Amino acid sequence: MLEVKGLKKVYRSGNREVEALRDLTFTVENGDLVCLVGPSGCGKTTLLRCISGLLDPTSGDVKVNGKAVAGPPPGMAVVFQEYGRSLFPWMSVRDNVELPLKQKKVAKARRRELVEEALDAVGLTGTESAYPWQLSGGMQQRVAIARAVAYEPETLLMDEPFAAVDAQTRADLEDLVRELWQRLGVTVLFVTHDIDEAVYLGRRVVMLSSSPTVVQDELKIDLPAERDQLHTRADPRFVELRTHVYEQIQLAKKAAAR
Amino acid sequence: MTSARRGNPAWLGHPAFLGVAGLAGLLLIVQLLPTLGVVNERYLPPTSAIFSALADEAGTEQFWISLKDTLVAWGWGLLIAVAAGVLAGFLIGSVPLLRELTASTVEFLRPIPSVALIPLAVLLYGTEIGSTLLLVCYAAFWQVLVQVLYGVADVDPVAYETARSYRFSAAARVRHVLWPTALPYVFTGVRLAASVALILAITAELVIGSPGLGKDIAVAQASEAVPTMYALIVVTGLLGVLINLLARTGERRLLAWHQSVRAEVPA
Amino acid sequence: MKRVAYALALPLVLFAAWWVLSAGSESFYAPPLSDILTAFANTWTLDTLKADVLPSLLRLFAGYALAAVLGIGIGLAIGLNRRLRYAVEPVLEFFRAIPPPVLVPVIMLFAGIGDTMKVIVIVFGCVWPILLNTVEGVRAVDSVVLETARSYGVTGPARITKVILPSAGPQIAAGLRQALSIAIILMVISEMFAASNGLGFTIVQFQRSFAIPEMWSGIILLGLLGFALSLVFRLAEKRALRWYEGLRAAQRRAG
């Protein structure tokens, strides 16, 4: 279970202070898939970095299964938006996926198993010896996802992972995430600026305000568990939910403009 | 992230302050090591002795003559090398056939250490400034040539074809397409060549004995005037830093209008 | 086949021109090429190569290897620590600006005129580009790379050997390449100054005793050596940085 309570982050640069996050409180139950949406510049990435332990908040805390986060916690894997820069270009696909496992001191045989399974799960069997820059953007992001999956995390954080990918690939990757989530039972926190994507993927959507950011609204997505790009997005309930989210985001943007 | 921790003022972490502190630290170490007897004073005189020798040198006429000799050799050698390098570079670079034919020769001659020419220089010019010039020109020329070749190779073929289709004369093509693209590379080449030229000038003077700071260093060493030797070495270091700074600033100013200052291609 | 022809064409032409133009030469300083080549064959036999060139090369490699270890090691430490880097950078830039051959008289004070002196000279002269380039390469590691490594718990020695050093690899290689040219120059200079064997020493001996064709042959040998070493370096670099070449090619195609 992921608990965020009263999270606040203020950036100080010289004499200026920028309050990126004011007061964020929400919870992600075990095994849930929660999407975080918000207007541009609302500090989504800052929030994710605080949760993943890469950034220290100014105040408030983040707890994973009751334990406070004070640095990257074990059992948490992050998929970054910039897949091109997150995968190590001097390592093959296999080595990239295997590296976190080596650090985790997993036995060699088990490592091979995990790498094979992960690459298979994302549909990239056969690319083990290739280098990331030899692959397309969508495939590179799949490798990053495979790396996260092979790590066998309890919690999976994804920071606008499909923002830099073309629309058709994005649709495939969205389905991949849902499939992996259902199969592996991980807790997923998915950050995006794409409202449709948030409603399509999530079981819950948390809407953020503009900077200084607080939680604007939360919404339970009561669409069926079996979703597909064509029918779910045409479902009237989907349209209702998405309108709700859209309105909230517009409110948030107007509040900032004022 | 700012380096200011709680309580420390921000400027303490400022790069300029730390840099000055580092230099001060060096001066302090060089002062203390010989004074405390950790290192023999004959091998490493303390900072105070070096500075005092430097002041003495600056008071002699010979020092300024040597400085002028070094700079003259550096300047002329650089000028000749740049002129020859740019000319040859543009010529070879713009004619694909020439480029292919000369590639292997350039690749072979480039890595030849210019010091290999020292005996030849001695035979031809003895201890005159000609020796220095021979070495300086040879080494600096390659720096310029290589960069200019890269620059010409970087020309956008579409732009070039456009110019040709509009029937630009060869001279016009050079002026409007070739030159602007290659210019940043030319500056990089000049900067690298300026640095190399100084090194070779001092080296030639040191080893051959042609007039200049390098020769003074050799003389100081031979007559065991150790603080003077160190003082002159400091001068050469400062010269090198100065030349590099001037070259970089000049490069930045003159290319400020250029829409993209290219990254340096390793020579 | 065409490429080989192109590569050989000009050199052959130049060679032939040299031969022809110098054939009847009476000049003291520019003997006929045929004389030089004869001198080359006579002077540089297997024995003389072993006696004169091998010591030079050994000193060169010792100095270069030591400089590489020191340069990369210290450069790593400095590059990882921002405040240390700010403090030390001006000092390093100053030392780098000192023309390396000038170090020979200085180090002769400490270390006499033996092999140690020459190795020390090479180390002191060529460590700077390695060091400064390592600092730059380490400093410039992509922030996303570092964050990814941190989030997956890649810390300590693994972080250095698997993440930071490979990422800084291309920059370090550039420094190593510059250092190689400096090392060769210093090897020759230190021998011209004070030695009893070595290639530089031999060439100077020829010049002093006015054995001109032999002197030229020595110069040519030195040139060949410089060329050969640079070729070896380039091949090694290509293999080690295959990933970098591939990455840049992919970026160029995309951009």
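Worth saying up front: this structure is predicted, and the values here are computed from it rather than measured.

### A word on the overall build of chain B
Turning to step 1, where the next piece is worked out: Broken down by element type, chain B carries 10 helices and zero strands.
Turning to step 2, where the next piece is worked out: Along chain B, from the amino end to the carboxyl end, the secondary structure elements read α-α-α-α-α-α-α-α-α-α.
Turning to step 3, where the next piece is worked out: For 267 residues, the compact-globule estimate of 2.2 N^0.38 gives 18 Å, and chain B exceeds it by more than 25% at 23 Å.
Turning to step 4, where the next piece is worked out: Along the first, second and third principal axes, the C-alpha atoms of chain B reach 75 × 65 × 30 Å.
Turning to step 5, where the next piece is worked out: The burial tally for chain B puts 40% of its 267 residues in the buried class.
Turning to step 6, where the next piece is worked out: Across chain B, contacts joining residues at least 24 apart in sequence account for 70% of those joining residues at least 6 apart.

### Regarding the overall build of chain A
Turning to step 1, where the next piece is worked out: Helix and strand counts for chain A come out as nine helices and 10 strands.
Turning to step 2, where the next piece is worked out: For chain A, the C-alpha radius of gyration of 18 Å lies close to 18 Å, the compact-globule estimate for 258 residues.
Turning to step 3, where the next piece is worked out: With respect to the three principal axes, the spread of C-alpha positions in chain A is 55 × 50 × 35 Å.
Turning to step 4, where the next piece is worked out: Looking at chain A as a whole, 44% of its 258 residues are labelled buried.

### A short note on the confidence of the model for chain B
Residue and element names in this part refer to chain B.
Turning to step 1, where the next piece is worked out: Of all residues in chain B, 92% have pLDDT values of 70 or greater, and the mean over the chain is 85.
Turning to step 2, where the next piece is worked out: The low-confidence segment residues 1-5, where pLDDT is below 50, has nine contacts with residues more than four positions distant or belonging to other chains.
Turning to step 3, where the next piece is worked out: Every residue in residues 261-267 is under pLDDT 50, and counting partners more than four places away or in other chains gives 13 contacts.
Turning to step 4, where the next piece is worked out: For this predicted complex, the interface score ipTM comes out at 0.87, while the overall pTM is 0.85.

### A look at the packing of helix α8 (residues 156-193) of chain C against helix α10 (residues 212-240) of chain C
Residue and element names in this part refer to chain C.
Turning to step 1, where the next piece is worked out: Relative to each other, α8 and α10 sit at 160 degrees, their axes nearing to 11 Å. Judged on the interaxial angle alone, α10 and α8 are roughly antiparallel. In the crossing of α8 with α10, the sense of the turn from one axis to the other is right-handed. Two secondary-structure elements touch here, α8 through A173, R177, L180, I184 and V188 and α10 through L222, G226, L229, F233 and E237.

### Description of the interface of chain C and chain B
For an interface, size is often stated in terms of accessible area lost upon the parts coming together.
Turning to step 1, where the next piece is worked out: Listed as interface residues are 45 residues of chain C and, on the opposing side, 46 residues of chain B.
Turning to step 2, where the next piece is worked out: Going through the elements one at a time, α1 (2-22), α4 (82-97), α5 (103-111), α8, α9 (199-208) and α10 of chain C are the ones with two or more residues in the side of chain C that touches chain B.
Turning to step 3, where the next piece is worked out: With 11 residues, α4 of chain C is the single largest residue contributor to the side of chain C that touches chain B.

### Observations concerning the pairing of strand β4 (residues 59-64) of chain A
Residues and elements named next belong to chain A.
Turning to step 1, where the next piece is worked out: Inspection of the sheet shows strand β1 (residues 2-13) paired to β4 by five bridges, in the antiparallel sense. Across the sheet, K8 pairs through a bridge with S59, a residue of β4.
Turning to step 2, where the next piece is worked out: Sheet analysis places β4 next to strand β5 (residues 67-68), joined by two bridges and oriented antiparallel. Note on β5: the bridge partner recorded for K63 is A68.
Turning to step 3, where the next piece is worked out: The turn joining β4 and β5, which pair antiparallel and follow one another in sequence, is formed by two residues; a positive phi near 50 degrees is taken by N65.

### A look at the environment of V78 of chain A
Turning to step 1, where the next piece is worked out: Mapped onto the elements of the fold, V78 of chain A is located in strand β6 (residues 76-79).
Turning to step 2, where the next piece is worked out: Taking the C-alpha atoms as reference points, V78 of chain A and L157 of chain A, separated by 79 residues in sequence, lie 4.7 Å from one another.
Turning to step 3, where the next piece is worked out: The residues touching V78 of chain A, leaving out its near neighbours within four places in the chain, are S52, L157 and D159 of chain A together with S151 of chain C.

### Considering the nonpolar core
Turning to step 1, where the next piece is worked out: Core analysis: the largest hydrophobic core is formed by 211 residues, its most contacted members being V136, A140, A193 and A197 of chain B together with I122 and A183 of chain C.
Turning to step 2, where the next piece is worked out: A per-element tally of this core places helix α8 (residues 170-208) of chain B first, with 20 residues.

### Describing the sheet that holds strand β2 (residues 16-28) of chain A
Turning to step 1, where the next piece is worked out: Spatially, the 10 strands line up as an open sheet ordered β5-β4-β1-β2-β10-β9-β3-β8-β7-β6 (chain A), and their pairing is mixed. Edge strands, defined here as strands with exactly one partner in the open sheet, are β5 and β6 of chain A.

### Quick word on the environment of P119 of chain B
Turning to step 1, where the next piece is worked out: Mapped onto the elements, P119 of chain B comes out in helix α5 (residues 118-125).
Turning to step 2, where the next piece is worked out: P119 of chain B sits 13 residues away from V106 of chain B along the chain, and the two C-alpha atoms are 22 Å apart.
Turning to step 3, where the next piece is worked out: In this structure, P119 of chain B is in contact with I203, V204, Q207, M215 and I219 of chain C, ignoring residues within four places of it in sequence.

### Focus: the pairing of strand β3 (residues 33-37) of chain A
All names here are of chain A.
Turning to step 1, where the next piece is worked out: Most of β3 sits inside the fold, with five of its five residues counted as buried.
Turning to step 2, where the next piece is worked out: With five bridges connecting them, β3 and strand β8 (residues 187-192) associate as parallel partners. Residue V34 lies in a different strand from β8, and its bridge partner there is L189.
Turning to step 3, where the next piece is worked out: As defined by bridge partners, β3 adjoins strand β9 (residues 204-208) across four bridges and the pair is classed as parallel. Paired with C35 across the two strands is V205, which belongs to β9.

### Structural notes on the environment of S59 of chain A
Residues and elements named next belong to chain A.
Turning to step 1, where the next piece is worked out: One can find S59 in strand β4.
Turning to step 2, where the next piece is worked out: Residue classification places S59 among the exposed residues on the basis of 11 C-beta atoms within 10 Å.
Turning to step 3, where the next piece is worked out: Put simply, S59 and G6 are 53 residues apart on the chain and 7.3 Å apart in space, counted from C-alpha to C-alpha.

### Quick look at unusual backbone geometry
All names here are of chain A.
Turning to step 1, where the next piece is worked out: A positive phi angle, near 50 degrees, is found at N65, a position not held by glycine.
Turning to step 2, where the next piece is worked out: Within the secondary structure, N65 sits in the loop between β4 and β5.
Turning to step 3, where the next piece is worked out: Residues other than glycine seldom take positive phi values, yet E152 does so here, at roughly 50 degrees.
Turning to step 4, where the next piece is worked out: Positionally, E152 belongs in the loop between α5 (137-150) and β7 (155-159).

### What to know about the packing of α8 of chain B against helix α9 (residues 213-222) of chain B
Residue and element names in this part refer to chain B.
Turning to step 1, where the next piece is worked out: Two elements in contact, α8 and α9, have axes separated by 6 Å at closest approach and are oriented at 40 degrees. As far as their axial angle goes, α9 and α8 are oblique. Two packed elements cross with a definite hand, and for α8 against α9 that hand is right-handed. Of the residues in α9, those in contact with I202, T203, A204, E205 and L206 of α8 are L213, G214, K215, I217 and A218.
Turning to step 2, where the next piece is worked out: Looking at side-chain class alone, the contact of α8 with α9 contains six nonpolar, two polar and two charged residues.

Here is what the cut-offs are and how they apply
Residues numbered from 1 in each chain as written. Chains lettered and ligands numbered in written order. Predicted model: local features only at pLDDT ≥ 70, side-chain atom pairs only at ≥ 80, totals over all residues. Helix = DSSP H or I, 4+ residues; strand = E, 2+ residues; numbered from the N terminus. Rg over C-alpha atoms; globule rule 2.2 N^0.38 Å. Buried ≥ 20, exposed ≤ 12 C-beta atoms within 10 Å, placed from the backbone. Contact = placed C-beta atoms within 7 Å. pLDDT = per-residue confidence, 0-100. Axes fitted to C-alpha atoms, helices over the stretch in contact; angles between N-to-C directions. Parallel < 35°, antiparallel > 145°, perpendicular 65-115°, else oblique. Left-handed = near helix turned anticlockwise from the far one by under 90°. Pairing = 2+ DSSP bridges. Core = buried A, V, L, I, M, F, W, Y, C linked by C-beta atoms within 7 Å. Nonpolar A, V, L, I, M, F, W, Y, C, P; charged D, E, K, R; others polar.

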